[in-house]
Amino acid sequence: MIKDDDKTRTSRRRFLAGATGLTAGLAAAGVTGVAQANDKNLPPNVADWSKSLGDGVAVRPYGHPSKFEKNVIRRDVQWLTASRESSVSFTPLHDLDGIITPNGLCFERHHGGIAEVDPHDYRLMIHGLVERPLIFTLEDLKRLPRVNKIYFLECAANSGMEWRGAQLNGCQYTHGMIHCVQYTGVPLKLLLEQAGVKPNGKWLLVEGGDASGLDRSLPLEKALDDCMIAYRMNGEMLRPEQGYPARLVVPGWQGNMWIKWIRRIKVGDQPWYTREETSKYTDLMPSGKARKFTFEMDAKSVITSPSPQAPLTRKGFTVISGLAWTGRGKVKRVDVSLDGGRNWRTAKIDGPVLDKACVRFYAEIEWNGEPLLLQSRAMDETGYVQPTKDALRKIRGVNSIYHNNGIQTWALKANGEVENVEVG
Ligand SMILES: Nc1nc2c(c(=O)[nH]1)N[C@H]1C(S)=C(S)[C@@H](COP(=O)(O)O)O[C@H]1N2
Ligand SMILES: [Mo]
């Protein structure tokens, strides 16, 4: 947990103070990139860990990361945390690679704390405009045909604190309300077919079983297209934080609709206009009107390393690494700029490029210590190009919280430190 607000806010004074410390540190390490090492463990000596037997199997029945990775954790921001039960913790994107988020590091967003649901007492009810109202147990769900799908989930409020200017110093905080895992579950279409949606059924009310009872209206068309009731993530059962034992998966659409601990689906003929789709999760435009039902997540990307929490420690060959995603299908291309968007080069995408999933991109550069303004921009298969923050503000103003997919700029300083900035 971040206790000190200043640690996450961009502060000129703090940056200067921090820079001196880092420069001194680099000098001590000789800028060779070799971290402080204990000579007795280095070649030609035999290292301590080679001299005795290690822990046996099943000493750790459920494995944990190495103790040396103890800083790779979810973090929250105190001034965004009114209460622990209605808050958010962020994925440490700067410490991860590839496209899959480890289960224990997936960001969490709860409105009423983590419901502890006994799987034996779990029920999913489908009612309303259906031929046969049904109640499924978890076992019922697990017996049905299942699919495995990798999808990103992004909270619509991701980057929401950056609408009025660069604020939080780290991609964990500016972009960490996203995770991407492989879900196993039942296509929602199958459940709805069993219940038999009546011809006038057009919308679903989907409701969570937690204390917030979070509910949203979901168009039937989307439900029949690619939504699923998932009970596994990355092979194992959902984590309690992610809605154990079952959650709704709404590929490409805002995270708020991905109802956790889902307990009820009511079929109706029109949307319900619940709190979460009226006073929240609508975007107040400069005209005073609000955008309605902005379900899809627009194409977006961010350089995860280097970034404020992942500074450069040496000159020379450097891999710039980042994530891109779009709610409208597949990412087609990612570009990287070193000069704040004046010139662009095409980044290399490595790993799978899947529908409504994150992709990993790399740009390899030779860094000679010159200050850079690092940016990335995603393009998707619909031809949509991620806009600059200014272009976005011209249309949407600055009253919004949600759907900020503007291009992020990181200023890489000569000493390797990175700061959240904006170019104008
Ligand atoms: N039942 C329930 N479902 C919920 C929420 C909640 O508080 N209760 N939060 C929503 C919001 S706002 C988001 S962004 C996602 C977060 O999913 P995660 O915690 O798995 O990251 O869950 C959504 N589903
Ligand atoms: Mo959210």
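What counts, and at which threshold
- Counting restarts for each chain, with residues numbered from 1 along the sequence as it is written.
- Note on labels: chains are lettered from A, ligands numbered from 1, in written order.
- Local features in a predicted model are, by the rule used here, given only for residues with pLDDT of at least 70; side-chain atom pairs are given and counted only at 80 or more, and totals for whole chains, interfaces and linings are based on all residues.
- Note that water and hydrogens are dropped before the side-chain values are worked out from all heavy atoms of the structure.
- Note: two strands are recorded as paired if DSSP finds a minimum of 2 bridges between them.
- Starting at the N terminus, helices and strands are each numbered in turn, a helix being any DSSP run of H or I of at least four residues and a strand any DSSP run of E of at least two.
- Note on geometry: axes are lines fitted to C-alpha atoms, helical ones only across the stretch in contact, with angles between N-to-C directions running from 0 to 180 degrees.
- Residue proximity to a molecule or strand is established when one non-hydrogen atom of the residue lies within 4 Å of it.
- Residues adjacent in sequence count toward polar contacts only when both atoms are side-chain atoms; beyond that, a polar contact is any pair of N or O atoms within 3.5 Å, and within protein one must be able to donate a hydrogen and the other to accept it.
- In this description, accessible areas are obtained by the Shrake-Rupley approach with a 1.4 Å probe, and a residue is regarded as covered only by the protein chains that are shown.
- Gly is put with the polar residues, along with every residue not named as nonpolar or charged; the nonpolar set is Ala, Val, Leu, Ile, Met, Phe, Trp, Tyr, Cys and Pro, and the charged set is Asp, Glu, Lys and Arg.
- What counts as a domain boundary in this text is fixed by an automatic or database domain assignment.
- Here, residues are in contact when the closest pair of their heavy atoms is within 4.5 Å.
- Buried area: the accessible area, evaluated with a 1.4 Å probe, that two parts lose upon being put together, summed over both parts.
- Here, a salt bridge means any side-chain nitrogen of Lys or Arg that lies within 4 Å of a carboxyl oxygen of Asp or Glu.
- Cavity means a closed set of points on a 1 Å grid over the protein atoms alone, one where a 1.4 Å probe fits but cannot get out, pocket means an open set with protein on both sides within 12 Å along at least 5 of 7 lines, and lining means a residue has an atom within 4 Å of a point.
- Grid points are joined across faces, edges and corners, and a volume is the space filled by probe spheres set on the points.
- Exposure categories follow from relative accessible area, calculated using a 1.4 Å probe and restricted to protein chains: below 20% of the type maximum is buried, above 50% is exposed, and the middle band is partly exposed.
- Between rings of Phe, Tyr and Trp, where Trp is taken as its six-membered ring, a pair exists when centres lie within 6.5 Å; planes separated by under 30 degrees are stacked, by over 60 edge-to-face, and by other angles tilted.
- Two thresholds decide whether a charge sits over a ring: the Lys NZ or Arg CZ must be within 6 Å of the ring centre and within 35 degrees of the ring normal.

Let us now look at the sheet that holds strand β19 (residues 348-350). Each strand in a sheet pairs with its neighbour through backbone hydrogen bonds, running either in the same direction (parallel) or in the opposite one (antiparallel). On the basis of which strands lie adjacent, the open sheet formed by four strands has the order β15-β16-β20-β19 and antiparallel pairing. One side of each edge strand has no neighbouring strand; the edge strands of this open sheet are β15 (300-305) and β19. Mean inter-strand twist for the sheet, computed between neighbouring axes without regard to direction, equals 35°. With three bridges joining them, β19 and strand β20 (residues 359-367) adopt antiparallel strand pairing. Residue D350 lies in a different strand from β20, and its bridge partner there is R360.

Around ligand 1, the structure places 22 residues, and the nearest of them are F107, H111, D210, R247 and K260. Here a nitrogen atom of ligand 1 and a side-chain polar atom of D210 are 2.8 Å apart. The separation between an oxygen atom of ligand 1 and a polar side-chain atom of K260 is 2.4 Å. The fraction of the free accessible surface of ligand 1 (530 Å²) that becomes covered by protein chains is 100%. Ranked by residues supplied to the shell around ligand 1, first place goes to strand β2 (residues 108-110) with three residues. Looking at the shell around ligand 1 residue by residue, the classes come out as eight nonpolar, eight polar and six charged.

Another aspect to go through is the domain arrangement of the protein. Domain parsing of the protein yields domain 1 (88-283) and domain 2 (300-421). Inter-centroid distance (C-alpha atoms) of domain 1 to domain 2 is 27 Å. Taken together, the contact between domain 1 and domain 2 spans 40 residues of the former and 41 residues of the latter. Summed over both partners, the interface of domain 1 with domain 2 comes to about 3300 Å²; 56% of that surface belongs to carbon and sulfur atoms. Counting across the domain 1 and domain 2 interface gives three salt bridges. Applying the counting criterion to the domain 1 and domain 2 interface returns 23 residue pairs in polar contact (both at pLDDT 80 or more).

Let us look at empty space enclosed by the protein. Counted under the stated rule, the structure contains four cavities of 30 Å³ or more. Taken as a whole, the largest cavity spans an internal volume of roughly 240 Å³. It is β2 that provides the largest number of residues to the lining of the largest cavity, a total of three residues. Residue composition of the lining of the largest cavity, grouped by class: eight nonpolar, seven polar and five charged. Approximately 90 Å³ is the volume found for the second largest cavity. Taken together, 13 residues make up the lining of the second largest cavity; nearest its centre are L93, I99, T101, L323 and R360. Residues of the lining of the second largest cavity, tallied by class, amount to eight nonpolar, three polar and two charged.

This part is about the pairing of strand β17 (residues 331-337). Along β17, five of the seven residues are buried, which leaves the element largely enclosed by surrounding structure. Judged from the six bridges that link them, β17 and strand β21 (residues 372-380) form a sheet pairing that is antiparallel. Across the sheet, the residue bridging to V334 is A378, located in β21. As defined by bridge partners, β17 adjoins strand β18 (residues 345-346) across two bridges and the pair is classed as antiparallel. Residue pairing for β18: D335 is matched across the bridge by T346.

Turning to the pattern of salt bridges, a few remarks are in order. Following the criterion strictly, the structure yields 28 salt bridges and no others. Of the charged contacts in the structure, one is a salt bridge between E296 and R328, with a shortest N-O distance of 3.0 Å. Here E296, found in the loop between β14 (290-291) and β15, pairs with R328, found in the loop between β16 (316-325) and β17; they are 32 residues apart in sequence, far enough to count as distant. Classification of E296 by relative accessible area gives partly exposed; the value is 34%. In the salt-bridge network here, residues are joined through shared partners; they are K222, D226, D355 and K356.

Take the packing of aromatic side chains next. With the rule as written, the count across this model stands at eight aromatic pairs. Between the aromatic rings of F152 and W325, the centroid separation amounts to 6.4 Å while the plane-to-plane angle is 50°, which identifies the pairing as tilted. On the criterion of sequence distance, the pair formed by F152 in strand β5 (residues 147-154) and W325 in strand β16 is long-range, its members being 173 residues apart. Neither F152 nor W325 differs from the other in exposure class; each is buried. A centroid spacing of 5.1 Å and a plane angle of 25° characterise the contact between F293 and F295, whose relative ring orientation is stacked. F295 matches F293 in its accessibility class, with the two residues each being buried. When the ring centre of Y384 is taken as reference, the NZ or CZ atom of R328 above it lies at 5.3 Å. When the ring centre of W344 is taken as reference, the NZ or CZ atom of R377 above it lies at 4.2 Å.

The calculated volume of the largest pocket comes to roughly 570 Å³. As for the largest pocket, its lining consists of 26 residues, of which L80, R109, A157, I401 and Y402 are closest to the centre. Each residue belonging to the lining of the largest pocket can be placed in one class, and the counts come to 13 nonpolar, seven polar and six charged. No fewer than three residues from each of domain 1 (88-283) and domain 2 (300-421) sit in the lining of the largest pocket.

The mixed open sheet is built from five strands, whose spatial order is β4-β3-β12-β7-β8. Single-partner strands in this sheet number two, and they are β4 (134-137) and β8 (215-219). The sheet shows a mean angle of 20° between the axes of neighbouring strands, direction not considered. Two elements, strand β3 (residues 123-128) and β4, share four bridges in a ladder whose sense is antiparallel. By the bridge assignment, M125 is partnered in β4 with I135. The strands touched by helix α4 (residues 188-195) are β3, β4, β7 (203-208), β8 and β12 (262-268); relative to β4, the strand with the most contacts, the crossing angle is about 140°.

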